[in-house]
Amino acid sequence: MESRLDMPITIENRVRELRAGRGWTQQDLAERVGVSRQSVNSIECHRYVPSLPLALTFARVFARPTDEIFSLEKK
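Residues numbered from 1 in each chain as written. Predicted model: local features only at pLDDT ≥ 70, side-chain atom pairs only at ≥ 80, totals over all residues. Heavy atoms only, no water.

> Any details on the side chain of Ser 42? Residues and values, ideally.
The residue Ser 42 is located in helix 3 (residues 37-44) in this model. For Ser 42, a relative accessible area of 19% corresponds to the buried category. (Helix = DSSP H or I, 4+ residues; strand = E, 2+ residues; numbered from the N terminus. Buried < 20%, exposed > 50% of the residue type's maximum accessible area, 1.4 Å probe, protein only.)

This is the structure we're talking about:
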């Protein structure tokens, strides 16, 4: 069995899609999850991978399981 640790992976997310679907600005979402607007932008642009507590907060705010928001993708 091949270890997944040896495979290059990326974290994909649907944050922008889910935020826009609710008509929220990045600032609106930032206030709901307790981060800066710049942090939301960095997550949406795939420059920053949120911590587990922050990912769980996104799940609560969007009322979705985390794996519907964030996913592991092989490169």
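> So what about the environment of Thr 10? Which residues, and what values?
Structurally, Thr 10 can be placed in strand 1 (residues 9-13). On the accessibility criterion, Thr 10 (22% relative accessible area) is partly exposed. For Thr 10 and Ser 71, which are 61 residues apart along the polypeptide, the C-alpha to C-alpha distance reads 8.3 Å.

> Please set out the pattern of salt bridges residue by residue, giving values where relevant.
All chains considered together, the criterion is met by four salt bridges. One salt bridge in this structure joins Glu 44 and Arg 19, with 2.6 Å as the shortest N-O distance. Residue Glu 44 is located in helix 3, and its partner Arg 19 is located in helix 1 (residues 15-21); the two are separated by 25 residues in the primary sequence. Here Glu 44 falls in the buried class, since its relative accessible area comes to 5%. By relative accessible area, Arg 19 is classed as buried at 12%. In this structure, Glu 68 engages Arg 64 in a salt bridge whose closest nitrogen and oxygen atoms are separated by 3.3 Å. Overall, Glu 68 belongs to the partly exposed group, its relative accessible area being 34%. Residues participating in the shared-partner salt-bridge network are Arg 16, Arg 19 and Glu 44. (Salt bridge = Lys/Arg side-chain N within 4 Å of Asp/Glu carboxyl O.)

> I'd like a rundown of helix 2 (residues 26-33), residues and numbers included.
Taken as a whole, helix 2 has its buried residues at Gln 26, Leu 29, Ala 30 and Val 33. Looking straight down helix 2, one finds that the buried residues subtend no more than 105° of arc, so they occupy a single side. On its buried face, helix 2 is in contact with helix 1, helix 3 and helix 4 (52-62). Taken from the residues just after helix 2, Gly 34 is the one with a positive phi, measuring 85°. (Arc of directions from axis to C-beta. Contact = heavy atoms within 4.5 Å.)

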